[in-house]
Amino acid sequence: MTGTASQPTDAPLASIVRDRVVPVVPWVAPGMARPLADALAAGGLGALEVTLRFDGALEAIRAIGADGTGGVVVGAGTVLSAAQAEAAAEAGARFIVSPGISAAVVRRCRELGVPCIPGVATATEVMTALDEGLTLLKFFPAEASGGVATLKALAAVFGGVRWVPTGGIGAAQLADYLGLPQVAAVGGSWMVLRELLEAGRLDEVTRLAAEAVAAAGAAGAPTADRPGGAR
Ligand code: 3PG
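Residues numbered from 1 in each chain as written. Predicted model: local features only at pLDDT ≥ 70, side-chain atom pairs only at ≥ 80, totals over all residues. Heavy atoms only, no water.

### Observations concerning the pattern of salt bridges
By the definition in use, this model includes 11 salt bridges. Among the salt bridges present, the one from E132 reaches R107, with a minimum N-O distance of 2.7 Å. On the criterion of sequence distance, the pair formed by E132 in the loop between α6 (123-131) and β7 (136-139) and R107 in helix α5 (residues 103-112) is long-range, its members being 25 residues apart. Given a relative accessible area of 45%, R107 falls into the partly exposed group. In this structure, R194 engages E198 in a salt bridge whose closest nitrogen and oxygen atoms are separated by 3.0 Å. Of this pair, R194 and E198 both sit in helix α9 (residues 194-198), four residues apart, roughly one helical turn. Overall, E198 belongs to the exposed group, its relative accessible area being 51%. Here the salt bridges do not stand alone but share partners, grouping R201, D203, E204, R207 and E211 into one network. (Salt bridge = Lys/Arg side-chain N within 4 Å of Asp/Glu carboxyl O. Helix = DSSP H or I, 4+ residues; strand = E, 2+ residues; numbered from the N terminus. Buried < 20%, exposed > 50% of the residue type's maximum accessible area, 1.4 Å probe, protein only.)

### Structural notes on empty space enclosed by the protein
Per the counting criterion, the structure on display carries two cavities of 30 Å³ or more. When its volume is computed, the largest cavity comes out at roughly 50 Å³. Surrounding the largest cavity, I16, V22, V24, E49, V97, I117, K138, V164, T166 and G187 form its lining. Of the residues belonging to the lining of the largest cavity, the class tally is six nonpolar, two polar and two charged. Empty space within the second largest cavity amounts to approximately 30 Å³. (1 Å grid on protein atoms, 1.4 Å probe; cavity = no way out; pocket = protein on both sides within 12 Å on 5 of 7 lines; lining within 4 Å. Points joined across faces, edges and corners; volume = space filled by probe spheres on them. Nonpolar A, V, L, I, M, F, W, Y, C, P; charged D, E, K, R; others polar.)

### A few points about the site of the ligand
Around the ligand, the neighbouring residues are V24, T51, R53, K138, F140, T166, G167, G168, G188 and S189. At 2.9 Å, a side-chain N or O of R53 approaches an oxygen atom of the ligand. The contact in question runs from an oxygen atom of the ligand to an N or O atom on the side chain of S189, over 2.7 Å. Starting from 310 Å² of accessible surface for the ligand in isolation, the protein chains cover 81%. Placement of the ligand is best described as lying within the largest pocket. By residue class, the composition of the shell around the ligand is two nonpolar, six polar and two charged. (Near = heavy atom within 4 Å. Polar contact = N/O pair within 3.5 Å; in protein donor to acceptor, adjacent residues only side chain to side chain. Areas by Shrake-Rupley, 256 points an atom, 1.4 Å probe, with all protein chains shown as cover. Sits in = over half its atoms within 2 Å of the grid points.)

### Re the environment of P12
For P12, the position within the fold is in helix α1 (residues 11-19). For P12, a relative accessible area of 12% gives the class buried. Once you skip the residues sitting within four places of it in the chain, P12 turns out to touch V73, R94, F95 and P115. (Contact = heavy atoms within 4.5 Å.)

### A word on the pairing of strand β3 (residues 73-77)
Among the five residues in β3, five count as buried, and that is most of the element. Here β3 shows two buried faces, one formed by V73, G75 and G77 and the other by V74 and A76. Of the strand pairs in this sheet, strand β2 (residues 47-51) and β3 are connected by five bridges, and their pairing is parallel. Looking across to β3, one finds that T51 is bridged to G77. (Pairing = 2+ DSSP bridges.)

As structure tokens, this is what we get:
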């Protein structure tokens, strides 16, 4: 990719923006990765983020990225270094998510042609992201950083930014975040928790994904992106 590094119109990010929900996978056995992607797709989700926080994460990304998974877009999360971004992209990650903003990661992603979504929690971090040409940003850790109230305050200042609040968000908070006009999508692990996967509860994964998709549908498109919508 050339030019700006993280626009909502980048192809791999389009399904996140369309779905308005990003499942964040904290753990999955590599052998279950493709069935997990299929279970999420059955619930109506088109993308997932696999965190690089467990052994086998790259293997899981590779398994999902291989063809045959119904077009589910896989990205890598918890990317902390340029080397990790490179390894994730090599494994097939089509987008990169970080908990914070690192110029080294952002620039490596740009070189690799993989869009990235850095994490920000303060106005200064948002300005660093804007300096890098990034306007789709993860608000992280969302709940611990003040939740909807903090995000509203940041969104009021940075009108051009679209947000992916993540961290501590569950089904109960989803509608509140989706109701903010500047929120592109909400990330979280609540529908892909390790306990569910260890118990083989992919049926429950599908149910929770479908519930989140329904909540996103009820919230509608972000009004900031509608013609004449609120800013
Ligand atoms: C992440 O990596 O983005 C977070 O772990 C997701 O947060 P959650 O597990 O609180 O949903």
